[in-house]
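This is what each chain is made of:
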Amino acid sequence: MQKNDNIIPLSEYPRENLKRDSYLCLNGLWDFKISKNNDINQDFDSKIMVPYCVESTLSTINKQIEKDDFLLYKRNINLDKKFIKDKVILHLDGVDQVATIYINKEYEYQTLTNYLPNEIDITSFVKEGLNEIIIVVKDDRNKIYPYGKQADKISGMWYSQVSGIFKTVWLESVSNDYIKELKITPNIDNKSVTFKITSISNSFKVYIYKDDICIYKGHFKGNEFTIFLDEIILWDVDNPFLYKVYIYTKNDEISSYFAMRKFEAKNNCFYLNNKKIFIHGLLDQGYFIDGIFTPQSYKEYENDIKLAKELGYNCLRKHIKVEPLYFYYLCDKLGILVFQDFINNGKYSFFKDTVLPTIGFKNKIFKDNENKKEQYSMFKLIGCETIKLLYNFPSVVYYTIFNEGWGEHKPDYYYQLVKELDNTRVIDATSGWFFGKKSDVLSLHVYFKKIKLNKSELPIIVSEFGGYAYKVKGHVYAENKFFGYKRFNNQVDYDNAIYNLYKNDIINNIKNGLAGCIYTQISDVYDEVNGLITFDRKVLKVNKDTMIKIKNEIDKEFYNE
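Participant: Teacher, can you tell me more about the overall build of the protein here?
Facilitator: Counting secondary structure elements, the protein contains seven helices and 32 strands. The C-alpha atoms of the protein give a radius of gyration of 24 Å, which matches the 24 Å a tight globule of 561 residues would have. Along the first, second and third principal axes, the C-alpha atoms of the protein reach 65 × 60 × 50 Å. For the protein, the proportion of its 561 residues judged to be buried stands at 60%.

Below you can see the structure in the form of structure tokens.
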């Protein structure tokens with residue numbers, strides 16, 4: 001990406017399920033400085049392209065920072081009188097790790113959640129005309145905060161550090177009676193949809209559209225109400241139908257959407273809209289070779305989703321990363337199920353968390369640690385906010401709380417907590433191993449041996465398997481690195497091996513109760529060359545006909561087609 005003041009990357013409205021006409025995108029070039037102190041009056045000696053992290057090439061900085069570095073961002077914005085209503089809100093959708101915001105040199109706010117959106121009411125600090133925004137970010141790799149697969153050094157299954165702003169920054173101005181939050185709960189069994197609205201207003205006009213035809217209009221008193229529909233069109237992966245909805249207060253208007261969809265785990269199977277479905281999915285890390293956490297264009301998300309569907313998959317497991325909301329909108333629109341992981345924090349032990357369980361030692365006692373109260377509190381905060389953030393997306397049907405024991409503590413407590421917050425999704429309390437007593441599924445990771453299933457009262461999903469590695473010369477991050485769980489030196493052997501793996505370990509286990517599987521993974525990531533497509537997204541490593549053959553044989557075995 002060239003330095004150009006006119007470039008506004010990822011300028012699409014970032015929140016399609018609560019959208020209003022007041023929108024000022026602040027992505028683009030900001031004044032920037034890496035400093036050993038947080039003095040906001042020092043000289044800013046470079047430019048950075050927001051919203052790309054400092055370590056990425058798209059940011060134009062492309063530099064690893066030190067733990068004692070401060071990242072200083074500055075931008076002037078001109079606010080027109082017509083833009084300013086009762087309140088002006090600054091949205092900082094993702095920043096790692098802690099940001100302090102100054103408006104016109106006055107301190108306003110320090111962020112709480114590094115992976116998730118922060119909304120800052122800056123009304124009392126802004127004015128008509130020219131305004132200065134300074135954001136000071138500190139990323140000292142504190143593992144109290146969620147960090148996913150970030151590491152100081154790229155190696156194997158550990159990836160690049162991500163520092164600074166990495167999601168869209170934007171402004172909106174709203175009325176006092178604005179709709180702050182919207183919670184939508186569909187019920188396909190009684191053809192109803194319930195709306196819960198956070199606003200000081202308690203009077204709402206609602207219009208629902210099917211395509212371009214208004215099928216419902218009504219006026220409600222109270223902040224929660226249920227609407228019954230005469231007929232419904234169900235959302236599924238083959239027909240991702242979305243209803244459009246407009247909601248009005250006296251001075252505010254928002255557009256949103258919803259889908260009539262139901263997802264359950266019961267009777268040893270998964271059910272979508274009361275019909276059995278085999279979960280045929282891919283692990284999706286959400287990394288990009290040039291933007292790291294952030295794609296150059298949302299078209300890259302769209303391409304990944306479409307590729308998964310073209311290869312016969314119906315699900316993406318979003319692995320220990322929460323994406324910009326536009327990703328989930330595209331999943332809703334294009335029709336693919338999303339299994340969403342919570343993001344790990346706390347220290348990781350390769351020996352205890354990976355080596356021992358891989359060779360069969362899967363018993364672990366989880367005790368509260370007085371020294372980890374802050375870590376536990378942050379995990380709970382981010383987890384609860386993730387559920388709240390993603391509640392309205394019909395594509396999101398499943399939550400994974402803990403992955404392979406990373407930061408795991410009190411899994412049964414968290415299962416119950418998540419179930420109380422959202423009983424419309426399937427909950428996988430412990431993916432991989434170190435199982436608690438409570439979960440909606442039995443979730444297994446199998447890489448180095450054949451998949452053999454024991455009887456279970458719960459649906460069994462192999463939530464990670466495969467990871468076969470094949471390197472495409474000229475399309476890898478590091479030519480001298482080769483990480484994967486089984487290596488192949490040519491495309492034919494690689495393609496055949498994937499087919500045989502599915503045939504012998506997946507399809508042959510459907511009769512033994514297998515309800516779904518997640519193959520590792522959709523794309524290469526740094527040293528990992530076990531993706532179906534290269535890290536630069538330029539070379540598809542598998543044969544499409546082979547993947548469709550796998551899909552058809554799964555369907556034949558599972559659905560008796």
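There is more to say, and it comes next.
Participant: What's the story with a positive patch on the surface in this structure? I'm lost.
Facilitator: A cluster of basic residues, K67, K143, K347, K352 and K372, forms a positive patch on the protein surface. Relative to the helices and strands, K347 is located in the loop between β25 (337-341) and α3 (350-358).

Participant: Help me understand α3, please; the structure alone is not making it clear to me.
Facilitator: Helical geometry note: an α-helix holds 3.6 residues per turn, so side chains three or four residues apart project in the same direction. Those residues of α3 not exposed but buried are D353, T354 and P357. All buried residues of α3 lie within an arc of 95 degrees about the axis, which places them on one face of the element. Set apart from the buried face of α3 by more than 90 degrees, the exposed residues are F350 and K352.

Participant: Hey, could you run me through the packing of aromatic side chains in this one?
Facilitator: A ring pair, where both rings are aromatic, is described by two values, the distance of the centres and the angle of the planes. The full count for this structure, using the stated rule, is 57 aromatic pairs. With a centroid separation of 6.5 Å and 20 degrees between ring planes, the pair formed by Y216 and F220 is classed as stacked. Overall, F220 belongs to the buried group, its relative accessible area being 14%. One aromatic cluster is present, formed by Y257, F288, Y298, Y301, Y326, F327, Y328, Y329 and F393 through successive ring pairs. If you follow K318 out to its NZ or CZ, it ends over the ring of F327, 4.5 Å from the centre. Positioned over the ring face of Y499 is K549, at 4.7 Å from the centre of the ring.

Participant: Before we go on, may I ask you to explain the sheet that holds strand β13 (residues 181-187) in this structure?
Facilitator: Sheet strands associate in pairs through backbone hydrogen bonding, adopting either a parallel or an antiparallel arrangement. The strand order across the open sheet built from three strands is β13-β14-β17, with neighbouring strands paired in antiparallel fashion. The open sheet is flanked by β13 and β17 (224-228), the only strands paired with a single partner. Each neighbouring strand pair of the sheet contributes to a mean axis angle of 20 degrees, computed without reference to strand direction. Here seven bridges tie β13 to strand β14 (residues 192-198), and the two strands are oriented antiparallel to one another. If you follow P186 over to β14, its bridge partner there is V193.

Rules used in this analysis
Every residue gets a number counted from 1 within its own chain, in the order that chain's sequence is written. Local features in a predicted model are, by the rule used here, given only for residues with pLDDT of at least 70; side-chain atom pairs are given and counted only at 80 or more, and totals for whole chains, interfaces and linings are based on all residues. Excluded from the side-chain calculation are hydrogens and water; included are all heavy atoms of the structure. Helix numbering and strand numbering both begin at the N terminus, where a helix is a DSSP run of H or I of at least 4 residues and a strand a DSSP run of E of at least 2. We compute the radius of gyration over the C-alpha atoms and compare it with the globule rule, which gives 2.2 Å times the number of residues raised to the power 0.38. Here's how the labels work: a residue is buried when its accessible area is under 20% of the maximum for its type, exposed when over 50%, partly exposed in between, all with a 1.4 Å probe on protein chains only. Patch criteria: residues need more than 30% relative accessible area and no salt bridge. Like-charged residues are merged within 9 Å; nonpolar side chains of Val, Leu, Ile, Met, Phe, Trp and Tyr are merged within 5 Å. The accessible surface values rely on the Shrake-Rupley method and a 1.4 Å probe; as for residues, cover is taken only from the protein chains in view. Here, a salt bridge means any Lys or Arg side-chain nitrogen found within 4 Å of an Asp or Glu carboxyl oxygen. Counted as positive: Lys and Arg. Counted as negative: Asp and Glu, with His and the chain ends omitted from the count. Working definition for charges: the position is that of NZ of Lys, CZ of Arg, CG of Asp or CD of Glu. Throughout, the arc means the angular range of directions from the helix axis out to the C-beta atoms. Note on ring pairs: Phe, Tyr and Trp rings are taken, using the six-membered ring of Trp, and paired if centres are within 6.5 Å. Classes follow the plane angle, with under 30 degrees stacked, over 60 edge-to-face and the rest tilted. Only Lys NZ and Arg CZ are tested; either one counts as a charge over a ring when it is within 6 Å of the ring centre and within 35 degrees of the ring normal. Should DSSP find at least two bridges between two strands, the strands are regarded as paired. Simply put, an axis is a line fit to the C-alpha atoms, just over the touching stretch for a helix, and the angle between two N-to-C directions goes from 0 to 180 degrees.

Geometric descriptors of this kind do not, in isolation, establish any biological role.
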